[in-house]
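The chain contents come next:
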Amino acid sequence: MTIPVACAVILNDQKVLSVRRSKDMPLAGYWEFPGGKVEEDESAESCIVREIEEELGVRVRILSSLPNHPHALTSEKSIQLIPFLVRVEAGKITLYEHDQLSWLGQSELFEVN
Ligand SMILES: Nc1nc2c([nH]c(=O)n2[C@H]2C[C@H](O)[C@@H](COP(=O)(O)OP(=O)(O)OP(=O)(O)O)O2)c(=O)[nH]1
């Protein structure tokens, strides 16, 4: 089974916004780009705008779509990660689901879980 997941790449000064999954979420403690599963009858573009509003409380505008990335979670389950470069248009980033936020540089991305 392959699950489409849209995620947002939000840049600030060459660093990318990364968020940590809280203890209430599956895969707690793992860092990710904010986003979530694309629902049925929803485009990946609508999904990322909706998810970012739900998770971070901000409205984003899509600047470009980035290459999709397949990723195996288990032997039966994999995700197709659909990243978008986005810009925050309105609001202040607040964590509604995650428990930590970090702006990571290119090499720092490889140091988190
Ligand atoms: N958002 C996001 N999810 C990722 C990344 N990498 C990665 O393997 N995933 C996985 C973790 C989850 O198994 C899945 C996203 O599912 P989710 O549980 O966050 O989705 P959701 O917000 O729609 O939650 P739900 O409705 O199923 O409760 O994709 C990433 O960089 N960002």
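Residues numbered from 1 in each chain as written. Predicted model: local features only at pLDDT ≥ 70, side-chain atom pairs only at ≥ 80, totals over all residues.

**Looking at the overall build of the chain**
And step 1. When helices and strands are counted, the chain shows one helix and eight strands.
And step 2. Along its sequence from the N terminus, the chain presents helices and strands in the succession β-β-β-β-α-β-β-β-β.
And step 3. Seen along its three principal axes, the alpha-carbon backbone of the chain occupies a region of about 35 × 35 × 25 Å.
And step 4. Looking at the chain as a whole, 19% of its 113 residues qualify as buried. (Helix = DSSP H or I, 4+ residues; strand = E, 2+ residues; numbered from the N terminus. Buried ≥ 20, exposed ≤ 12 C-beta atoms within 10 Å, placed from the backbone.)

**Comments concerning the UniProt feature "domain: Nudix hydrolase" (unreviewed entry) in the chain**
And step 1. Residues given the UniProt feature "domain: Nudix hydrolase" (unreviewed entry) here are residues 1-113.
And step 2. Helix makes up 12% of residues 1-113 and strand 48%, with an end-to-end C-alpha separation of 24 Å. (UniProt positions renumbered as here; feature names shortened; annotations may be inferred.)

**What about the confidence of the model for the chain?**
And step 1. Confidence in the prediction for the chain averages 97 pLDDT; 100% of positions are at 70 or higher.
And step 2. The ipTM value of the predicted complex is 0.93, and its pTM value is 0.95. (pLDDT = per-residue confidence, 0-100.)

**Details of the site of the ligand**
And step 1. Lining the immediate environment of the ligand, one finds 13 residues, of which C7, E32, G35, G36 and K37 sit closest.
And step 2. Counting residues per element, the ones that place at least two in the shell around the ligand are β1 (2-12), β4 (35-37) and β7 (78-90).
And step 3. Here the element with the most residues in the shell around the ligand is β4; it accounts for three residues. (Near = placed C-beta within 6 Å.)

**Here we look at the pairing of β1**
Working note: regular strand, side chains alternate between the two faces of the sheet.
And step 1. By the bridge criterion, nine bridges tie β1 to β7 in an arrangement that is parallel. Note that in β7 the partner of A8 across the bridge is F84.
And step 2. Of the strand pairs in this sheet, β1 and β4 are connected by three bridges, and their pairing is antiparallel. Looking across to β4, one finds that A6 is bridged to G36.
And step 3. Across two bridges, β1 lies against strand β2 (residues 15-21) in antiparallel orientation. (Pairing = 2+ DSSP bridges.)

**Some thoughts on the nonpolar core**
And step 1. By size, the foremost hydrophobic cluster in this structure holds 16 residues, and its most contacted members are V5, A6, A8, I48, I52, F84 and V86.
And step 2. Taken together, the elements giving at least two residues each to this core come down to β1, β2, α1 (44-56) and β7.
And step 3. The dominant element in this core, judged by the number of residues it contributes, is β1, at five residues.
And step 4. Sequence-distant contacts of F84, that is, excluding residues within four places in its chain, are made with A6, A8, V9, I48, I62, S65 and L66. (Core = buried A, V, L, I, M, F, W, Y, C linked by C-beta atoms within 7 Å. Contact = placed C-beta atoms within 7 Å.)

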